[in-house]
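Descriptive structure summary
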Amino acid sequence: MTVDRKTVAQAAARLIAASQERRPVAPVRDLLGEQDIDAAYAVQQELTRHRLAAGAVVVGRKIGLTSPAVQRQLGVEQPDFGVLFADMDVSAETEVPSERLLQPKAEAEIAFVLGDDLADGALDAARVRAAVEYAVAALEIVDSRVSDWDIRLTDTIADNASSGLYVLADRRLTLDAFEPREVTMRMYADGEPVSEGAGSACLGDPLNALAWLARTAQAYGDPLRAGQVVLSGALGPMVPAPPGSRIHAEIGPLGTVAAAFSEKFEKRDV
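The paragraphs below set out a description of the structure included in this document.

Rules of the game
- Residues numbered from 1 in each chain as written.
- Predicted model: local features only at pLDDT ≥ 70, side-chain atom pairs only at ≥ 80, totals over all residues.
- Heavy atoms only, no water.
- 1 Å grid on protein atoms, 1.4 Å probe; cavity = no way out; pocket = protein on both sides within 12 Å on 5 of 7 lines; lining within 4 Å.
- Points joined across faces, edges and corners; volume = space filled by probe spheres on them.
- Helix = DSSP H or I, 4+ residues; strand = E, 2+ residues; numbered from the N terminus.
- Nonpolar A, V, L, I, M, F, W, Y, C, P; charged D, E, K, R; others polar.
- Buried < 20%, exposed > 50% of the residue type's maximum accessible area, 1.4 Å probe, protein only.
- Pairing = 2+ DSSP bridges.
- Core = buried A, V, L, I, M, F, W, Y, C linked by side-chain atoms within 4.5 Å.
- Contact = heavy atoms within 4.5 Å.
- Salt bridge = Lys/Arg side-chain N within 4 Å of Asp/Glu carboxyl O.
- Polar contact = N/O pair within 3.5 Å; in protein donor to acceptor, adjacent residues only side chain to side chain.
- Expected span 1.5 Å × (residues − 1).
- Arc of directions from axis to C-beta.

Here we look at the layout of surface pockets
To find leftover empty space, one rolls a probe the size of a water molecule over the atoms. Approximately 550 Å³ is the volume attributed to the largest pocket. Around the largest pocket, the lining comprises 24 residues; the ones closest to its centre are Ser-19, Arg-22, Arg-51, Arg-145 and Ser-163. Of all the secondary structure elements, the ones that give two or more residues to the lining of the largest pocket are helix H1 (5–21) and helix H3 (37–53). Of the residues that constitute the lining of the largest pocket, the class distribution is nine nonpolar, eight polar and seven charged.

Right, dumping it as structure tokens:
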């Protein structure tokens with residue numbers, strides 16, 4: 001399918017303006033339609049080029065819409081992926097900087113760190129598994145530049161899979177130590193249970209999600225590389241993460257991952 005470059009540029013400009021002006025914008029499906037996935041990824045690639053030109057560094061990928069619960073929340077039926085940049089990792093921060101976010105929500109998931117490239121040849125289950133150096137518990141702080149999270153598949157793909165920030169736990173386990181599909185997840189907001197799920201909620205197995213991403217990234221000509229982080233997808237429903245909130249998740253043998261969101265002071269006219 002031929003992608004209309006003018007339309008792609010218009011959609012990208014809208015989303016870039018949302019980031020720069022710190023104000024959500026209308027969905028881009030009025031430009032892209034709801035089913036043109038190639039056009040949506042072309043917009044995402046344009047946004048990536050924009051970030052790279054400004055000095056950003058790619059450190060991995062995120063997989064979205066792997067949980068049936070999240071798919072139901074957003075009215076879509078298949079996964080997507082986005083790009084992780086170095087400045088999205090706020091694991092070392094005392095607080096998650098709420099001022100960098102527009103409409104944040106939190107998801108608990110497993111992050112894989114790759115020890116080998118997944119670039120050439122057949123990317124079967126055995127090869128994908130062998131490429132994982134270790135896994136950690138993660139909180140993905142998803143965000144949307146689209147007003148009120150009024151998104152369809154093309155909106156979220158274009159908007160870098162509704163990416164925001166992420167937090168990785170310290171405990172590292174190899175795949176010899178646990179099975180991702182067998183973990184259970186419980187997530188809490190300000191001490192109250194808000195979400196639960198299991199590894200099997202992520203395309204049947206988070207490793208299935210990783211294999212899907214490896215093949216899809218290869219098909220788009222930008223394969224996964226050793227050292228990259230892959231957020232493999234939510235294990236249960238996402239929940240709001242407003243300024244001042246405290247989120248933590250327990251993910252089986254991977255342990256606990258936590259994030260405290262800073263209080264955000266809105267700009268006021270004087």
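There's more to say after this.
Focus: the pairing of strand S1 (residues 58–64)
By the criterion of burial, S1 is predominantly enclosed, with five of the seven residues buried. The pairing of S1 with strand S2 (residues 80–85) spans six bridges and is antiparallel. Residue pairing for S2: Ile-63 is matched across the bridge by Phe-81. Bridge count for S1 against strand S8 (residues 229–234) is three bridges, and the pairing is parallel.

Description of the pairing of strand S5 (residues 165–168)
Of the two faces of S5, the one carrying Leu-165 and Val-167 and the one carrying Tyr-166 and Leu-168 are both buried. In the sheet, strand S4 (residues 132–142) pairs with S5 via four bridges, with the strands oriented antiparallel. Looking at S5, one finds that Ile-141 is bridged to Leu-165.

Quick word on the nonpolar core
Membership of the largest hydrophobic core comes to 73 residues, with the highest contact counts inside it found for Val-96, Ile-110, Leu-139, Met-187, Leu-210, Leu-224 and Ile-251. In contact with Ile-251, other than residues within four places in its own chain, are Ala-108, Glu-109, Ile-110, Ala-137, Ala-138, Val-183, Thr-184, Met-185 and Leu-235. One finds Ala-56, Val-83, Val-113 and Tyr-166 within the second-largest nonpolar core, a separate group that totals 14 residues.

Looking at the pattern of salt bridges
Inspection of the entire model under this criterion finds 15 salt bridges. Here Glu-21 and Arg-23 are joined by a salt bridge, their closest N and O atoms 3.4 Å apart. Close ionic contact of Arg-29 with Glu-34 constitutes a salt bridge, the shortest N to O distance being 3.9 Å. Taking the relative accessible area as the measure of exposure, Glu-34 reaches 40% and is therefore partly exposed. Each of the salt bridges in this network shares a partner with another, and the network as a whole consists of Arg-29, Glu-34, Asp-150 and Asp-155.

Re the side chain of Gln-103
Mapped onto the elements, Gln-103 comes out in the loop between S2 and strand S3 (105–114). Residue classification places Gln-103 among the buried positions, given a relative accessible area of 16%. Within the structure, the side chain of Gln-103 is placed 2.9 Å from the backbone nitrogen of Asp-148, a separation counted as a polar contact.

Describing H3
The end-to-end C-alpha distance of H3 is 24 Å, a good match for the 24 Å that 17 residues give at a rise of 1.5 Å each. Summarising the contacts, the buried residues of H3 are in contact with H1, helix H2 (29–32), S2, helix H6 (153–158) and helix H7 (206–219).

Regarding H1
Between its first and last C-alpha, H1 extends 24 Å over 17 residues, near the 24 Å set by a 1.5 Å rise per residue. All buried positions along H1 are accounted for by Thr-7, Val-8, Ala-11, Ala-12, Leu-15, Ile-16 and Ala-18. Buried residues along H1 cover an arc of 165° about the axis, so they all sit on one side. Turned more than 90 degrees from where H1 packs its buried face, Lys-6 and Gln-20 sit exposed. Where the residues of H1 are buried, they touch H2, H3 and H6.

A look at unusual backbone geometry
Of note, Leu-65 is a non-glycine position whose phi angle comes to about 60°, a positive value. Position of Leu-65 among the secondary structure elements: in the loop between S1 and helix H4 (68–74). For Leu-65, a relative accessible area of 8% gives the class buried. Despite not being glycine, Leu-203 shows a phi value in the positive range, around 50°.

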